[in-house]
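# Tertiary structure, described
For reference, the chains in residue letters:
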Amino acid sequence: NDSAEARVFKNWAASLGLKLNMKDLYADSCSGIVLLKVMDRLEPGAVDWGRVEGTPKNKYETVANCNYAVKVAKELGLKLTGISGQDISEGKEKLMLAVWWQLMRKDFMQFLDELDMDQAHVLTWANAQVAKSGTDIQLGRFGDKAIR
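Read on for an overview of the structure. Worth saying up front: this structure is predicted, and the values here are computed from it rather than measured.

## Details of helix 6 (residues 93-114)
- If you check helix 6, its first and last C-alpha atoms are 32 Å apart, about what 22 residues at 1.5 Å a residue would give, namely 32 Å.
- For helix 6, the set of buried residues is Met96, Leu97, Val99, Trp100, Gln102, Leu103, Lys106, Met109 and Leu112.
- The inward-facing, buried residues of helix 6 contact helix 1 (4-15), helix 2 (25-29), helix 3 (33-42), helix 5 (85-89) and helix 7 (119-132).
- Just downstream of helix 6, Asp116 is the residue with a positive phi angle, here 60 degrees.

## Notes on the pattern of salt bridges
- Scanning the entire structure with this criterion turns up six salt bridges.
- Between Glu53 and Lys57 there is a salt bridge whose closest N-O contact spans 3.1 Å.
- Classification of Glu53 by relative accessible area gives partly exposed; the value is 27%.
- Judged by relative accessible area, Lys57 falls into the exposed class, the value being 63%.
- Of the charged contacts, one joins Lys92 and Glu90 as a salt bridge, the two residues approaching to 3.4 Å between their closest N and O atoms.
- A relative accessible area of 41% means that Glu90 is categorised as partly exposed.
- Each of Glu53, Lys57 and Glu61 takes part in a single network of salt bridges with overlapping partners.

## Brief notes about the packing of aromatic side chains
- All told, the structure shown has one aromatic pair when counted by the stated rule.
- Look at Trp12 and Trp100: their rings are 6.2 Å apart centre to centre, the planes differ by 80 degrees, and that puts the pair in the edge-to-face class. Of the two residues, Trp12 sits in helix 1 while Trp100 sits in helix 6, which places them 88 residues apart along the sequence.
- According to the relative accessible area criterion, Trp100 is buried, its value standing at 0%.

## Topic: a nonpolar patch on the surface
- There is a patch of nonpolar side chains on the surface, built from Phe108, Phe111, Leu115 and Phe142 and spanning about 360 Å² of accessible area.
- One can find Phe142 in the segment after helix 7.
- Take Phe142: its relative accessible area is 31%, and that puts it in the partly exposed class.

## Side note on unusual backbone geometry
- With a phi angle near 55 degrees, Lys19 is a residue other than glycine that sits in the positive phi range.
- Looking at where Lys19 falls in the secondary structure, it is placed in the loop between helix 1 and helix 2.
- Phi angles above zero are rare outside glycine, and Asn21 is one such case at about 50 degrees.

## As for the environment of Pro56
- Residue placement: Pro56 occurs in the loop between helix 3 and helix 4 (59-75).
- Its relative accessible area of 22% is what places Pro56 among the partly exposed residues.
- Separated by 80 residues in sequence, Pro56 and Asp136 place their C-alpha atoms 53 Å apart.
- Residues contacting Pro56, with those up to four places away along its chain left out, are Ser31, Glu61, Thr62 and Asn65.

## Considerations on the nonpolar core
- Among the nonpolar cores identified, the biggest contains 36 residues, and Met39, Trp100 and Leu103 are the most heavily contacted of them.
- At the level of secondary structure, the elements contributing two or more residues to this core comprise helix 1, helix 2, helix 3, helix 4 and helix 6.
- At seven residues, helix 3 tops the list of elements feeding residues into this core.
- Filtering out sequence-adjacent residues up to four positions away, Leu103 remains in contact with Trp12, Leu35, Val38, Met39, Leu42 and Leu78.

Basis of the calculations
- Residue positions are given per chain, counted from 1 along the sequence in the order it is written.
- A pLDDT threshold of at least 70 governs which residues receive local features in this predicted model, and a stricter bar of 80 or more applies before side-chain atom pairs are shown or counted, although totals over entire chains, interfaces and linings include all residues.
- Note that water and hydrogens are dropped before the side-chain values are worked out from all heavy atoms of the structure.
- What counts as a helix is a DSSP run of H or I of at least four residues, what counts as a strand is a run of E of at least two, and both are numbered from the N terminus.
- Multiplying 1.5 Å by the helix residue count minus one yields the expected span of that helix.
- Burial classification: accessible surface area is computed with a 1.4 Å probe over protein chains only, and a residue below 20% of its type maximum counts as buried, one above 50% as exposed, and the rest as partly exposed.
- Should any heavy atoms of two residues lie within 4.5 Å, those residues are counted as being in contact.
- Put simply, a salt bridge is a Lys or Arg side-chain nitrogen that is within 4 Å of an Asp or Glu carboxyl oxygen.
- Classification of ring pairs rests on two measures: the distance between centres of Phe, Tyr or Trp rings, Trp counted by its six-membered ring, which must be within 6.5 Å, and the angle between planes, read as stacked under 30 degrees, edge-to-face over 60 and tilted in between.
- A patch is a set of surface residues, each over 30% in relative accessible area and not in a salt bridge, joined within 9 Å for like charges and within 5 Å for the nonpolar side chains Val, Leu, Ile, Met, Phe, Trp and Tyr.
- Accessibility throughout is a Shrake-Rupley quantity obtained with a 1.4 Å probe, and a residue counts as covered only by protein chains that appear here.
- Throughout, nonpolar core names a set of buried Ala, Val, Leu, Ile, Met, Phe, Trp, Tyr and Cys residues whose side chains join them through atoms within 4.5 Å.

Take it as geometry only, folks, not as evidence of what the structure does.
Here you go:
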């Protein structure tokens, strides 16, 4: 009963080889553990596992894990404006999707870096594909309003 977005993020997370066995993106992310595992996969050593409560016993420990996940995410350069550990622990779907999007975007950008490509290369390719379709839209950046 997942949304299309939730299925995309679960499938992407599964592709990372972490054996997360997620059934529900939101419920399985609420402790912060899954998010921290993904962050540590994207940037090995980014997570100090000594600061993480592996099996949170109460809401305080859960929120502490989620606050730490937000801290690590920001250290990794993810943009999580207005998102708190409390929001994650409460499973606020729209905010959780934003966190997952930022994680997937980071992975994608790292992949492009490995190919020695940058956003400009991707935009040039995307604009060429759009031009082939006969549409006159040209994107100037990833957040371009023309694609909303």
